[in-house]
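Structure assessment
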Amino acid sequence: MSAITTIEDLHQIYRRRAPKMFYDYCESGSWTEQTFHENKSDFQKIHLRQRVAVDMSNRTTESTMIGQKVAMPVALAPVGLTGMQHADGEILAAKAAEAFGVPFTLSTMSICSIEDVAAHTSKPFWFQLYVMKDEDFVRRIIQRAKDAGCSALVLTLDLQLLGQRHKDLKNGLSAPPKLTLPTMVNLATKWRWGMGMLGTKRRFFGNIVGHAQGVGDPASLGAWTAEQFDPQLDWGKIEKLRDLWGGKLILKGINDPEDAVMAAKIGADAITVSNHGGRQLDGAISSIRMLPSILDALQGDTEVHLDSGIRTGQDVLKALALGAKGTMIGRAFVYGLGAMGQEGVRKALEILHMELDKTMALCGERDVKALGRHNLILPQGFADPTAVI
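Quick caveat, the model's predicted, so the values are computed rather than measured.

Next up on the list: the packing of helix α1 (residues 7–17) against helix α16 (residues 331–362). Relative orientation of the contacting elements α1 and α16 amounts to 175°, with a least axis distance of 9 Å. It follows from the interaxial angle that α1 and α16 lie roughly antiparallel. Here Ile-7, Leu-10, His-11, Ile-13, Tyr-14 and Arg-17 of α1 lie close against α16, whose contacting residues are Ala-332, Val-334, Tyr-335, Gly-336, Gly-338, Ala-339, Met-340, Gly-344, Lys-347, Ala-348, Ile-351 and Leu-352. Among the residues forming the contact of α1 with α16, the class breakdown is 12 nonpolar, 4 polar and 2 charged.

Right, here's the structure in full:
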């Protein structure tokens, strides 16, 4: 491809280079994938107000997220198995985010460990926690995040049990993956990916293997992960985890106004409006449509970020104009990583920044913090998730 100008360009390169098992893991949702698709398509229902004859010079996309200065209000979301999309994927993505000036969030289910990422970066990153039944493991991994200097804990609330993702089951994706004949044939065609994986020692879940009781090798990992997600996670446990962490806390997976109010009551520094990228409750309303009612319920009491469905800088602008303080991208940076490694993540961020900056200017704004609903034209009923549009 002679010129990479969009996130979709990176997506197409990623699709060619990544093994089908890991491509499908990224590019799929649960059940019928209704929510997965509507997360993207609902952004397209929002139109922008074009303004002219305004001074467009001296623009800035700089802002803050949970008090941290950012080059633009975009954080890299936690994505499991990132180190299987590209060798040492979490390290490379973290380095690209640090260089660009945006937060990186490491998943509990990462291939590279907390300590690995900390050793290859110079600034604090965020750590995302899945709450497990093994309370000792949870306590120790929180301490490991503290020891690594992580500046925020992102507590994911919408994965107490796994939503069924048909493609993962058909591909034999598990921990560790099941190597069926079709999978091995496909892996053999991805020589660039294979050479990278042969050149790294990081091929398994680095935060778990050797750290969880009874999980000393990949063979014992599958049984542990299959039964460890805590279905009893409730607000009382969240408060205990808040106290155990003692630092900045972001609650991710809020997609309802009542839950947002509860998150504010327990003192979350921020919430992330998210439906897990359409990978959990299929049929849930898209994050961008739920955002206005959640903001109305909170009345400015808690910082709000938006996750799920963002593929362009215009999507970022629309979320900010609706009232989000920041956004999170998952698939958009994974496309870049799988396509071109660290350089691909940098390219993805550059594309989003360029689109955000130029769109902001053409909407008549010079400062990303000045964006508001006055920049948008919403379809009737869009801000009401109970309305049919």
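In contact at an axis separation of 7 Å, helix α15 (residues 313–322) and α16 are set at 55° when each is read in the N-to-C sense. Taken together, α15 and α16 sit at an angle that is classed as oblique. Once α15 is placed against α16, the crossing between them reads as right-handed. Residues Gly-313, Gln-314, Val-316 and Leu-317 of α15 form the contact with α16, whose participating residues are Leu-352, Glu-355, Leu-356, Thr-359 and Met-360.

A full pass over the atoms with the stated rule returns 5 aromatic pairs. A network of ring pairs unites the aromatic residues Tyr-14, Tyr-23 and Tyr-335 as a single cluster. If you follow Arg-279 out to its NZ or CZ, it ends over the ring of Tyr-25, 4.5 Å from the centre. In this structure, Arg-289 packs its charged tip against the face of Phe-382, placed 5.9 Å from the ring centre.

Reading the values: the criteria
- Residues numbered from 1 in each chain as written.
- Predicted model: local features only at pLDDT ≥ 70, side-chain atom pairs only at ≥ 80, totals over all residues.
- Heavy atoms only, no water.
- Axes fitted to C-alpha atoms, helices over the stretch in contact; angles between N-to-C directions.
- Helix = DSSP H or I, 4+ residues; strand = E, 2+ residues; numbered from the N terminus.
- Parallel < 35°, antiparallel > 145°, perpendicular 65-115°, else oblique.
- Contact = heavy atoms within 4.5 Å.
- Nonpolar A, V, L, I, M, F, W, Y, C, P; charged D, E, K, R; others polar.
- Left-handed = near helix turned anticlockwise from the far one by under 90°.
- Phe/Tyr/Trp six-rings, centres within 6.5 Å; stacked < 30°, edge-to-face > 60°.
- Lys NZ or Arg CZ within 6 Å of the ring centre and 35° of its normal.

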